[in-house]
Amino acid sequence: MKLYYAPGTCAVSIWIALHWLGADFETERVKLGSYEYKKINPSGAVPALDTGDGNIKTQAGAILSYIADKYKEKDLGPDEGLEDEFLFNQISAFLSADYHPAFWPMFGPKNYTTSRDEKDLEKVVEAAYKKIDSVAIILDNMLEGKTHIYKNKRTVLDAYAYILSRWLSKTPKSWTEYPNLKKFMETMENDEEVQNIIELSTKEI
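Per an unreviewed UniProt entry, the recorded name for the protein chain is Glutathione S-transferase family protein, and the organism is Peptoniphilus faecalis.

Undergrad: An account of the overall build of the protein chain is requested, with residue identities and associated values reported.
TA: Regarding its fold elements, the protein chain presents 9 helices and 4 strands. Its helices and strands taken in sequence order, the protein chain reads β-α-β-α-β-β-α-α-α-α-α-α-α from the N to the C terminus. Overall, the protein chain is about 55 × 45 × 35 Å in size when its C-alpha atoms are taken along their principal axes. Split into buried and exposed, the 205 residues of the protein chain put 45% on the buried side. Long-range contacts, defined here as pairs at least 24 residues apart, represent 64% of the contacts in the protein chain between residues at least 6 apart. For the protein chain, the accessible surface area stands at approximately 10,800 Å², while carbon and sulfur atoms represent 49% of it. Taken together, the 25 basic and 32 acidic charged side chains of the protein chain have centroids lying 5 Å from each other.

Undergrad: Give a detailed account of the sheet that holds strand E2 (residues 26-29), specifying residues and quantitative values.
TA: What holds strands together in a sheet is hydrogen bonding between their backbones, with the strands either parallel or antiparallel. Read across the open sheet, the 4 strands follow the order E2-E1-E3-E4; overall the sheet is mixed. With one partner strand each, in any of the chains shown, E2 and strand E4 (56-58) form the two edges of the open sheet. Ignoring strand direction, the axes of neighbouring strands in this sheet form an average angle of 25°. Of the pairings in the sheet, the one linking strand E3 (residues 48-50) to E4 comprises 3 bridges and is antiparallel in character. Across the sheet, residue Ala48 finds its bridge partner in E4, namely Thr58. Here helix H1 (residues 11-21) sits on the sheet and contacts strand E1 (2-5), E2 and E3; the angle it forms with E1, its principal contact strand, is near 150°.

Undergrad: A description of the packing of aromatic side chains should follow, citing residues and the corresponding values.
TA: Tallied over the entire structure, the rule returns 7 aromatic pairs. Measuring from ring centre to ring centre gives 6.1 Å for Tyr4 and Tyr37, while their planes differ by 45°; the resulting arrangement is tilted. With Tyr4 in strand E1 and Tyr37 in helix H2 (residues 35-38), this residue pair connects regions lying 33 residues apart in the sequence. A relative accessible area of 7% means that Tyr4 is categorised as buried. Its relative accessible area of 2% is what places Tyr37 among the buried residues.

Undergrad: Can you explain helix H3 (residues 60-70)? Please cite residues and give values.
TA: Here H3 has its buried residues at Ala60, Gly61, Ile63, Leu64, Ile67 and Ala68. When H3 is viewed along its axis, its buried side chains cluster within an angular range of 160° and face the same direction. In this structure, the buried residues of H3 make contact with H1, E3, E4, helix H4 (82-102) and helix H7 (156-166).

Undergrad: An account of the packing of H7 against helix H9 (residues 192-202) is needed here, citing residue identities and associated values.
TA: For the pair H7 and H9, the least separation of the axes is 13 Å and the interaxial angle reads 55°. As summarised for this structure, H7 and H9 are arranged oblique, according to the angle between their axes. Crossing angle aside, the handedness with which H7 passes H9 is right-handed. Residue-level inspection shows Tyr162, Ile163 and Arg166 of H7 in contact with H9, the latter providing Val194, Gln195 and Ile198. Residues that form the contact of H7 with H9 fall into these classes: 4 nonpolar, 1 polar and 1 charged.

Undergrad: I'd like a description of the environment of Phe86, backed by residues and values.
TA: Within the secondary structure, Phe86 sits in helix H4. Along the backbone, Phe86 and Val46 are 40 residues apart, and their C-alpha atoms lie at a distance of 26 Å.

Undergrad: Account for H9, naming residues and giving values.
TA: Here H9 has its buried residues at Val194, Ile197, Ile198 and Ser201. Viewed along the axis of H9, the buried residues span an arc of 105°, placing them on a single side of the element. The elements touched by buried residues of H9 are E1, H1, E2, H7 and helix H8 (179-189).

Conventions we followed
- Residues numbered from 1 in each chain as written.
- Predicted model: local features only at pLDDT ≥ 70, side-chain atom pairs only at ≥ 80, totals over all residues.
- Heavy atoms only, no water.
- Helix = DSSP H or I, 4+ residues; strand = E, 2+ residues; numbered from the N terminus.
- Buried < 20%, exposed > 50% of the residue type's maximum accessible area, 1.4 Å probe, protein only.
- Contact = heavy atoms within 4.5 Å.
- Areas by Shrake-Rupley, 256 points an atom, 1.4 Å probe, with all protein chains shown as cover.
- Lys, Arg positive; Asp, Glu negative; His and termini not counted.
- Charge placed at Lys NZ, Arg CZ, Asp CG, Glu CD.
- Pairing = 2+ DSSP bridges.
- Axes fitted to C-alpha atoms, helices over the stretch in contact; angles between N-to-C directions.
- Phe/Tyr/Trp six-rings, centres within 6.5 Å; stacked < 30°, edge-to-face > 60°.
- Arc of directions from axis to C-beta.
- Parallel < 35°, antiparallel > 145°, perpendicular 65-115°, else oblique.
- Left-handed = near helix turned anticlockwise from the far one by under 90°.
- Nonpolar A, V, L, I, M, F, W, Y, C, P; charged D, E, K, R; others polar.

The structure is reproduced here in structure tokens:
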């Protein structure tokens, strides 16, 4: 398999998960939105995973579910049973549909207004900070009494929540200010394998 990624993006969570799963894969750093990369993924976004079947897989949440199921013996996916699978999918959907998008206006305010006035762009970012805080509070509540997001069991979703939550350091309220999230993040920060991947993903080619 080949993972296409860009430093600091949610694609790094796929890298972490693949490593945890003991998968045989390689990585390729790409430039977001470039003409060359759009030949692989027309949206120009990461992650993209080439599994060798001619079908490039995209969308972080979907890829994480796919690889967790592909390496089911590693037990990094949902427990068996309808309710357990729903809980896993519910958390994944929250991360993909609520938590992740909350950061987009912060990173690209020009995409959320027709104005190019700096004050207007600042207002977009300020509004993003409020939304980010609201979803971070939800995530913090989900982590109460746990150091893993799903049933206090390590799963591929931990990698996703971790990479997204690192972005909180770019807001006025860092992850250190959410008590339950802080414990989760510290667990991940103390994982040498995870930190090695973070370092590798940011190295210049």
